[in-house]
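Observations on the three-dimensional arrangement
Chain by chain, the residues run as shown.
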Amino acid sequence: MPAPAPTLDDEVARLPGAGPRIAESLARLGIRTIRELLFHLPSRYQDRTRLTAIAGVRPQVEVVVEGVIQTTQIHFGKRRALICRIADDSGFLGLRFFYFNRSQQLRLEAGRRVRCFGEVRRGPQMLEMVHPEVQLVDGEDAYSSPLDTALTPIYPTTEGLHQARLRKLTGAALDVLAREDGQADAIDALIARHFHVGYTLPTLAAALSYVHRPPPDVDVDELWQGHHPAQQRLAVEELLAHQLTLRQIRLRARRLSAAALKPPRSLRAGLLREFGFKLTGAQQRVVREIDADLARPLPMLRLLQGDVGAGKTAVAAMAATNALAAGQQVALMAPTELLVEQHGRTLSRWFAPLSIDVLVVTGKLAAAAKRSARALLGEAVPRLVVGTHALFQNDVTYANLGLVIVDEQHRFGVNQRLALLDKGAVGEQRPHQLIMTATPIPRTLAMTAYADLDVSILDELPPNRQPVRTSVLPEARREDIVARIHDACTAGRQAYWVCPLIEESEHLDSQAATDTAAALAAALPTIKVGLIHGRMHEREKDLTMQQFARGQIGLLVATTVIEVGVDVPNASLMVIENAERLGLSQLHQLRGRVGRGREQSDCVLLYKSPLSETARHRLQTMRETNDGFVIAERDLELRGPGEVLGTRQTGLAEFKIANLTRDRRLLPTVQQVADSLLEEAPALAERLIERWTVHRVEYAKV
Ligand code: ADP
Ligand code: MG
């Protein structure tokens, strides 16, 4: 008897052409069943359905062109290459081959007509294709095939699994799908009911078939932009699945328990005395929000967003008191050693007078010191410990960790958040979590990326801050700037000079910063110039930073290592070289190092001409506003949420079809539907999550 036809839930090995080796490769992509294969969507399409006139080709776009070879030459440059020049009625184009043999060279002789497929790029002389697929169109050895009738899907793949094979396999999977009952199911119905996008969204089955095999008459532009109803249908479902996943994490965390902690009166009063300032209204409100969380016997999962300089450290210290007074430990994690040291100093200044120990654990500690720090964490004594991610390595155990605070970690992914939650677990009991970020994220986006967290916003700066004055100047004005630094430092102010990453090598960048520091020291003989870069020893960096904080260094030359968290209120002038190279959020973070005191602060953005359109736009935005939320919005428009959120880490990278910029208008509905699904139809929610999360196995470990 013949085996029954495979169903969607069968293993991929049941598909024709899928042997054990292929199944293994597919497994590496997280694909085990035929259904999972159907959710392996094309990342893009190739258009081999039409010829493009050479004058119409653009860099970074793949096209088919046809033309007559005008010249063929071997070019002996840095790298030997065969270079042909082809022309059609509209223009000419280069073809460049690094690997070729004699017969290939002979075939590409002048006068022959060729059809080429490839990606166009800017060459040294003209636009060109590197190693295009070439077909001879005429002559007796012609081997051209007709143009395709439909777009060719290109799939994400892994070694040993070719596109052609993947196309065959997905084709076979689509046959299985077509054999199954094509009726709309409960999820189709749900989506059709809730998402009114101006047209009817197709069923899942129809959408999948369309996206895998767009028909010949497809509206290519619509497809390219991801606006086709089939793509939108899948995007809705994927966003929904993602939202449900995060909500579920949150529900699970809510089922765990935590120590209920009250704000301690006397410790708080002591701390406020040590601060030497009054909390702003926003700080007080956020502290109340945190207190309410901590008072419940459930682990807090709260994200604190606050613009640079808003005073998040003081909020963190306030939150710490609740755990400390209850006899528990508090761990504060920061992304750089520089920041760890600084937090160590600030927190010691505040807490030492209150008889609370602050431990600083950094990589530079000697082995013995590390051991003793670890031993201290094993004691059930209320202590504050500050460190990098080393705080959460396997060999560190906490006697009674009550609160984990993560500073400056907007790029902290959901998996890392989960790992943190498990650190310090005792049975069902978990520490509370507070995550602080200085990257303001627009609301709908934050609700998507952090649906497992509650969000507090610190939207007020401490009083008497003056907005930083920002000017944008060409590199040619360097000497004027140096004169300004001279005047500022002579008047007792301090300044930063930032040399951003230019080379892809930390070595070269550190060298550039070193050279700049030397040149500035020579130009400013009366001013003490310090230097900080990534290749210096931690101890050296720390020493320099301390001298700067104490005012012993007037001008600090640095790479972008000072981007996050550094707080020296007396520094009121910042110069950023090559500012055109930096993204908006990064410029905003850097600028946030000044404007922290009462002094009027200035930021000078030096650029090298010519400026690209986007660079001009960025610098102009910096000049126009100091508002982190406005800047984040612009950054989002310019770079997209992937870059802004750091999607790889936030777990948003694996969106296969959804795009947070393009599909933003769907987000509010996605959130609503996710909430009601979890309440009313948990089984359906489960199925949606299942469908989309299989492929995350690989990413989960990153
Ligand atoms: P960020 O939110 O960027 O981490 P910090 O916590 O480093 O900001 O605070 C920036 C500066 O503002 C610090 O010097 C801090 O002591 C000071 N600060 C914080 N809160 C207040 C306040 N309510 N009043 C005055 N100064 C404050
Ligand atoms: Mg900070």
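Here the residue numbers are simple positions, counted from 1 along each chain's written sequence. Here the convention is simple: chains get letters from A, ligands get numbers from 1, in the order in which they are written. Given that this is a predicted model, residues contribute local features only at a pLDDT of at least 70 and side-chain atom pairs are listed and counted only at 80 or more, while totals for whole chains, interfaces and linings are drawn from all residues. Hydrogens and water are ignored here; the side-chain numbers use all heavy atoms of the structure.

Let's shift gears to the sheet that holds strand S13 (residues 401-406). As summarised here, the arrangement of the 7 strands in space is S11-S12-S10-S13-S14-S9-S15, forming an open sheet in which the pairing is parallel. Two strands close off the open sheet at either side, each with one partner strand: strand S11 (358-361) and strand S15 (454-458). The mean angle between the axes of side-by-side strands here comes to 20°, regardless of whether they run parallel or antiparallel. Any two strands between which DSSP finds at least two bridges are classified as paired. Only runs of H or I of at least four residues qualify as helices and only runs of E of at least two qualify as strands under DSSP, and these elements are numbered from the N terminus. When strand S9 (residues 301-306) meets S15, the two strands line up parallel, connected through 5 bridges. Within the sheet, the bridge partner assigned to Leu 303 lies in S15 and is Val 455. Here, residues are in contact when the closest pair of their heavy atoms is within 4.5 Å. The angle between two axes is taken between their N-to-C directions and runs from 0 to 180 degrees, where each axis is a line fitted to C-alpha atoms and a helix contributes only its stretch in contact. Of the strands in this sheet, strand S10 (329-333), S11 and strand S12 (384-387) touch helix H13 (residues 367-377), which is tilted by about 135° from S11.

The next subject is the domain arrangement of the chain. Just so you know, the domain bounds were taken from an automatic or database domain assignment. For the chain, the assigned domains read domain 1 (12-44 + 153-218), domain 2 (50-147), domain 3 (265-458) and domain 4 (469-625). Look at where the C-alpha atoms of domain 2 and domain 4 centre, and you get two points 48 Å apart.

For the rest of this paragraph, the subject is the site of ligand 1. A single heavy atom is enough: if one lies within 4 Å of a molecule or strand, its residue is considered near that molecule or strand. The full set close to ligand 1 counts 17 residues, and Lys 278, Gly 309, Lys 312, Thr 313 and Arg 465 are the nearest of them. Residue Arg 465 places a side-chain N or O atom 2.6 Å away from an oxygen atom belonging to ligand 1. Classification convention: Asp, Glu, Lys, Arg as charged; Ala, Val, Leu, Ile, Met, Phe, Trp, Tyr, Cys, Pro as nonpolar; all other residues, Gly among them, as polar. Counted by class, the shell around ligand 1 contains 6 nonpolar, 5 polar and 6 charged residues. The term polar contact refers here to a pair of N or O atoms within 3.5 Å; inside protein, the definition further demands a hydrogen-donor-capable atom paired with an acceptor-capable atom, and it admits residues adjacent in sequence only when both atoms are side-chain atoms.

As used here, the term nonpolar core means buried Ala, Val, Leu, Ile, Met, Phe, Trp, Tyr and Cys residues forming a set that is joined through side-chain atoms within 4.5 Å. The classification of residues rests on relative accessible area computed with a 1.4 Å probe and restricted to protein chains. Under 20% of the type maximum is buried, over 50% is exposed, and intermediate values are partly exposed. Counting residues in hydrophobic clusters, the biggest one holds 90 residues, and the most contacted among them are Leu 15, Leu 26, Leu 37, Leu 234, Phe 392 and Tyr 398. A total of 9 residues in this core trace back to one element, the largest contributor, which is helix H8 (residues 229-255). Three or more residues apiece are contributed to this core by two domains, here domain 1 (12-44 + 153-218) and domain 3 (265-458). Non-local contacts of Leu 37, meaning those with residues more than four positions away in its chain, are made with Val 12, Leu 15, Leu 26, Ile 31, Leu 166, Leu 169, Thr 170, Ala 173 and His 212. One finds Val 286, Ala 323, Leu 339 and Trp 350 within the second-largest nonpolar core, a separate group that totals 42 residues.

Taken N-terminus to C-terminus, the directions of H8 and helix H23 (residues 667-680) make an angle of 50°; their axes are 9 Å apart at the nearest point. Relative to H23, H8 is oriented oblique. Every pair of crossing elements has a handedness; the one defined by H8 and H23 is right-handed. Between H8, through Val 236, Leu 239, Leu 240, Gln 243, Leu 244, Arg 247 and Leu 251, and H23, the contact on the second element is made entirely by Leu 667, Val 670, Gln 671, Val 673, Ala 674, Asp 675, Leu 677 and Leu 678. Put simply, angles under 35 degrees are roughly parallel, angles over 145 are roughly antiparallel, angles from 65 to 115 are roughly perpendicular, and the rest are oblique. Take the far helix as your reference; a near helix turned counterclockwise from it by less than a right angle gives a left-handed crossing, and one turned clockwise gives a right-handed crossing.

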